[in-house]
Amino acid sequence: MSAPTSAEVVVIGSGICGSLAAWKLATRGKQVLILEAGPRIDRGRIVAAFRNSPRKSDWMSPYPFSAWAPQPEYKPKSNGYLVQAGPYPYPAEYIRVVGGTTWHWSALAWRLVPNDVRIKSLYGVGVDWPVTYDELDPWYQEAEEQLGVAGLPDTGSPRKHPFPLPPVAEPWAMQRIRERLAPTYTVVGNTVARNSRSYGGRPACVGNNSCQPICPVNAQYLGINAVEAAKAAGVKVVPNAVVYRIEHDAKGRITAVDYYDPDKTSHRVSGKQFILAANGIESPKLLLLSSSSKYPNGLANSSGMVGRNLMDHPSNSLTFYADEEMWLGRGPQSPDSINTLRDGAFRSQHAAYRLDFTNISQVLGVTEALIEEGVYGPAFDQQLRWRAARQLSVKTLLEVLPNPDNRITLSSDKDAMGIPKPEAHYSIDAYTRRGAQAAREDFAKIAALLGGTGLRYTPKGEFSNNQHITGTLGMGDDPTRFVTDRFGRAHDHENLFCCGTGVMPTSATMNSTLTGVALALRTADHMAPLKAQAASTDTTREAVSS
Amino acid sequence: MTGELAMTEPDQGPANPARRRVLAGFLTAYTASLVPWALAQPVAAPEHGAFMALSALLAGRRSLDAGLAARLFDALSAMYPHFTADARALLAQINQQHIDPAQLQSTLDGAHSPLAPLPRRIMRAWCLGLVGEGEATKCVAYENALNAVIVADVLKPPTYAYGEYGSWAKPPLAEGVNAS
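Residues numbered from 1 in each chain as written. Chains lettered and ligands numbered in written order. Predicted model: local features only at pLDDT ≥ 70, side-chain atom pairs only at ≥ 80, totals over all residues. Heavy atoms only, no water.

Time to look at the overall build of chain B. Along the backbone of chain B there are 7 helices and 2 strands. The long-range fraction of contacts in chain B, counting pairs at least 24 apart against all pairs at least 6 apart in sequence, stands at 52%. With the model as given, the accessible surface of chain B reaches about 8000 Å², and the carbon-plus-sulfur share is 55%. (Helix = DSSP H or I, 4+ residues; strand = E, 2+ residues; numbered from the N terminus. Contact = heavy atoms within 4.5 Å. Areas by Shrake-Rupley, 256 points an atom, 1.4 Å probe, with all protein chains shown as cover.)

On the side of chain B, 49 residues touch chain A, which itself brings 52 residues to the contact. Taking both partners together, chain A and chain B bury about 4000 Å²; carbon and sulfur atoms supply 64% of that area. When the buried area of chain A at its contact with chain B is split by residue, A:Arg330, A:Tyr376 and A:Arg385 rank highest and sum to 21% of it. In this structure, the connection of chain A to chain B is made through 3 salt bridges. Summed over the shared surface of chain A and chain B, the result is 20 residue pairs in polar contact (both at pLDDT 80 or more). Breaking the side of chain A that touches chain B down by element, the ones donating at least two residues are helix 2 (43-51), helix 5 (172-181), helix 8 (363-373) and helix 9 (378-390) of chain A. Here the side of chain A that touches chain B gets 7 residues from one element, more than from any other, and that element is helix 9 of chain A. Of the residues contributing to the side of chain A that touches chain B, the split by class is 26 nonpolar, 15 polar and 11 charged. (Buried area = accessible area lost by both parts, 1.4 Å probe. Salt bridge = Lys/Arg side-chain N within 4 Å of Asp/Glu carboxyl O. Polar contact = N/O pair within 3.5 Å; in protein donor to acceptor, adjacent residues only side chain to side chain. Nonpolar A, V, L, I, M, F, W, Y, C, P; charged D, E, K, R; others polar.)

Here we take up the sheet that holds strand 4 (residues 188-189) of chain A. Within a sheet, neighbouring strands are paired by backbone hydrogen bonds and run either parallel or antiparallel to one another. All names here are of chain A. What the 6 strands build is an open sheet, ordered 4-10-11-12-9-15; its pairing is antiparallel. Single-partner strands in this sheet number two, and they are strand 4 and strand 15 (453-457). For strand 9 (residues 317-321) and strand 12 (residues 391-398), the ladder comprises 5 bridges, and the chain directions are antiparallel. Looking at strand 12, one finds that Tyr321 is bridged to Gln391. (Pairing = 2+ DSSP bridges.)

Quick look at the packing of helix 4 (residues 133-147) of chain A against helix 11 (residues 513-527) of chain A now. Residues and elements named next belong to chain A. Between helix 4 and helix 11, the shortest axis-to-axis distance is 8 Å and the interhelical angle comes to 110°. Looking at the two axes, helix 4 sits roughly perpendicular to helix 11. Here Glu135, Leu136, Trp139, Tyr140, Glu142, Ala143, Glu144 and Leu147 of helix 4 come into contact with helix 11, specifically with Leu514, Thr515, Val517, Ala518, Leu519, Leu521, Arg522 and Asp525. Looking at the contact of helix 4 with helix 11, its residues break down into 10 nonpolar, 1 polar and 5 charged. (Axes fitted to C-alpha atoms, helices over the stretch in contact; angles between N-to-C directions. Parallel < 35°, antiparallel > 145°, perpendicular 65-115°, else oblique.)

All names here are of chain A. With an omega of -5°, the peptide bond running from Lys75 to Pro76 counts as cis. In this chain, Gln212 is followed by Pro213 through a cis amide linkage whose omega measures 15°. Structurally, Pro213 is set in the loop between strand 4 and helix 6 (223-232). Not every positive phi belongs to a glycine, and Ala107 is a case in point at roughly 65°. Within the element layout of this structure, Ala107 appears in the loop between strand 3 (83-87) and helix 3 (119-123). A residue is classified by how much of its surface remains accessible, and Ala107, at 0% relative accessible area, is buried. If you check the backbone angles, Ala508 has positive phi at about 50° while not being a glycine. By relative accessible area, Ala508 is classed as buried at 0%. (Buried < 20%, exposed > 50% of the residue type's maximum accessible area, 1.4 Å probe, protein only.)

Here we take up the pairing of strand 8 (residues 266-276) of chain A. Residues and elements named next belong to chain A. Pairing between strand 1 (residues 6-12) and strand 8: 6 bridges, direction parallel. What sits directly across from Ala7, in strand 8, is Gly271. Pairing of strand 7 (residues 254-260) with strand 8 involves 5 bridges; the strand directions are antiparallel. Bridge pairing in strand 8 places Val257 opposite Val269. Counting the residues between successive antiparallel strands, the hairpin from strand 7 to strand 8 contains 5 residues, one of them, Lys264, with a positive phi of roughly 65°. Two elements, strand 8 and strand 16 (residues 496-498), share 3 bridges in a ladder whose sense is parallel. Bridging from a neighbouring strand, Leu276 pairs with Cys498 of strand 16.

Glancing now at the pattern of salt bridges. Residue and element names in this part refer to chain A. Evaluated as defined, the whole model comprises 31 salt bridges over all chains. Two residues, Lys24 and Glu142, come together in a salt bridge whose shortest N-O distance is 2.7 Å. Here Lys24, found in helix 1 (residues 16-27), pairs with Glu142, found in helix 4; they are 118 residues apart in sequence, far enough to count as distant. The exposure class of Lys24 is buried, given its relative accessible area of 1%. Assessed through its relative accessible area of 2%, Glu142 is described here as buried. With a closest N to O distance of 2.6 Å, Glu170 and Arg178 form a salt bridge.

All names here are of chain A. The mixed open sheet is built from 3 strands, whose spatial order is 3-14-13. Unpaired on one side and paired on the other, strand 3 and strand 13 (407-414) mark the two borders of the sheet. Averaged over all pairs of adjacent strands, the angle between strand axes in this sheet comes to 30°, irrespective of strand direction. As paired strands, strand 3 and strand 14 (residues 420-426) are joined by 4 bridges and run parallel to one another. Residue pairing in the sheet places Pro87 in a bridge with Tyr426 of strand 14.

Turning to helix 5 of chain A, its buried residues are A:Ala173, A:Met174, A:Gln175, A:Arg176, A:Ile177 and A:Leu181. Where helix 5 of chain A is buried, its residues touch strand 10 (336-338), strand 11 (353-357), strand 12 and helix 10 (430-449) of chain A.

What follows concerns the pairing of strand 2 (residues 32-35) of chain A. All names here are of chain A. Covered by surrounding structure in strand 2 are Val32 and Ile34 together with Leu33 and Leu35, the residues of both alternating faces. Pairing analysis gives 4 bridges linking strand 1 to strand 2, with the strands arranged parallel. Paired with Ile12 across the strands is Leu35, a residue of strand 2. Regarding the hand of the β-α-β motif, the stretch spanning strand 1, helix 1 and strand 2 is right-handed. Of the pairings in the sheet, the one linking strand 2 to strand 5 (residues 236-238) comprises 3 bridges and is parallel in character. (Right-handed = clockwise from strand over helix to strand, strands pointing away.)

All names here are of chain B. Counting buried residues in helix 2 (residues 49-59) gives 11 out of 11 residues, a clear majority hidden from the surface. Regarding helix 2, the residues found buried are Gly49, Ala50, Phe51, Met52, Ala53, Leu54, Ser55, Ala56, Leu57, Leu58 and Ala59. Turning to helix 2, the residues buried within the fold contact helix 1 (29-34), helix 3 (66-79), helix 4 (83-97), helix 5 (101-110), helix 6 (117-128) and helix 7 (146-150). Two residues or fewer past helix 2, Gly60 is found with a positive phi of approximately 65°.

The next point concerns the nonpolar core. Grouped together as the largest cluster of nonpolar side chains are 100 residues, with contacts concentrated most on A:Leu35, A:Leu147 and A:Ile275. When residues no more than four places from it in sequence are discounted, the contact partners of A:Leu35 are A:Val10, A:Val11, A:Ile12, A:Gly13, A:Val238, A:Ala241, A:Val243, A:Val257, A:Tyr259 and A:Val269. Listed in part, the 63 residues of the second largest apolar core include A:Leu370, B:Ile94, B:Ala145 and B:Val154. (Core = buried A, V, L, I, M, F, W, Y, C linked by side-chain atoms within 4.5 Å.)

In this section: the packing of aromatic side chains. What the rule picks out here adds up to 13 aromatic pairs over all chains. Relative to B:Tyr142, the ring of A:Phe50 has its centre 6.0 Å away and its plane inclined at 85°; by these criteria the two rings are edge-to-face. Placement of the pair is A:Phe50 in helix 2 and B:Tyr142 in the loop between strand 2 (138-139) and helix 7, with the two residues belonging to separate chains. The residues A:Phe50 and B:Tyr142 share a single accessibility class, namely buried. (Phe/Tyr/Trp six-rings, centres within 6.5 Å; stacked < 30°, edge-to-face > 60°.)

Pasting the structure below:
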């Protein structure tokens, strides 16, 4: 069967944001086609690939690599796809398959805090968003109900309606951490897109402790669930369709997209409206690739801001041994946080942050360490149990301010299809580094409260990345400063919309997926509004709660 | 070590009595004294002897799964052409110099011995299920690698279900089993 050559709405990218926007548009009667660069994959095969992988701490290792839709990989050595221009590395990971990168994610579905969208006005840093937190509330709610988000009532992010699911049962280790750190620190359960009971046709979590790289049982909402919802609503999905150009007419309206199949045969799909939802790196790459005589700097780029203001959440961590047995690895991987440092007057001086306690089994890392140390004989058994029971780790998720010099550009290097690779220009500024220094003091207090020994800090000045790719399609009201407007529409093209975390004008401190989904659903509502908008949220809520 | 950690008798049943060999035959008095519990450990083939003896010394386990041992031996032999000879040489060195397993790695490293990589290779195989280095690494075992077995009374290997919803909220060793 040949692939469609036209649709009312063409969506580029089948990740959680693009697919849920497609789903909503289909429920509004739109004829929608999703083009996905990568292949379909099967959950069971990913689980098997992980179990057979020689690199179990590399969460990309179970996922297939497609030469026609390359993705950045760094182990056992970098494949060089995301070119690093420096000065600081930006080794972002993402998965180019049907369903996108949330095949593996922690499922942390946090809302922002209200002040996150006003940091320029309140603290004199970054930029203000063109929307308020209250304006986002209905779409946050809808996103939470679609994903099946479980959470506590007192997370610090206000809400008008309750979470659709009660909080996920807190692992024993997290209970002990919460009790031991009180009252100095308030530890709370994360809000997560993980079932605490059957919901949306998916089962409750059974604690496989492999949320990343793969939930084997479908208790955690993934992008593939969004794809399935979209398909059920009538959306067509074409895999292995590598979009390499977006076409426009003389008035700047988008008319079609061109894609290669894996044999590099070119296909053209025309449409009336277009959604670019290929993530915060691939989306700006595609806009820059689509330059023309009318738009020599790329589409949507009259501001010169496409690809700029690249942000993420750099992390540093402390690993140590507690003075009691905790046994991380029982239940889901990312259950609890300290979220009281997300906001405060200090934001005028240094980055806000969230502190995240891992519940990932420590057995793998401890085993590797013991072998490296040459611990053999009966001591191996004893040490493995002692360390695996007591080893804890806490990490930061630090806010990064928008900086136009942090950006994605087109590399002169090309991939196997002859398409320029994305190139990351990145640095971590003094504002974020001061936040890291403040967090280091929290690390020390936390370790002391837990009787910590064997403290291992991330070396000063070193950060790991969290794949929360934001900012490269930033939204704002001023078309000279921002790529997209308050609804995610490209300022330069009336029928081109951007969905995904790239439209977030600041990164705040919370995992960005839920905000990206809420914004995508809001964009879809704007593209195909109901006559009585107030009814839409209630209708949707009914539909997904059943 | 808990009773729960004791492993099942390897597949060396009466159907094949002629093949039954035990580890004691490959040990000297010194190494036998280090792993008295392992003397009856079956050894599948004569060329496995030194590997099994080193495995018992390094892993310090009451028993080792003979089926997994055979797979690991095959993988290690295929990956490293001199593996069998190196294993014999290292066992001989331990016997002659009466090296305590706890001091083995530092002794070999200190002497810049060409055999220094061998203990880690054997332990990676048993404890991580991995054979080889870098891009050539192969996964031979996962849920029955020793690092999973040693904590099996508390944890499941990632991707395996821990238990019914919420079971992780209980204390990990509620039955009072605590081997550490």
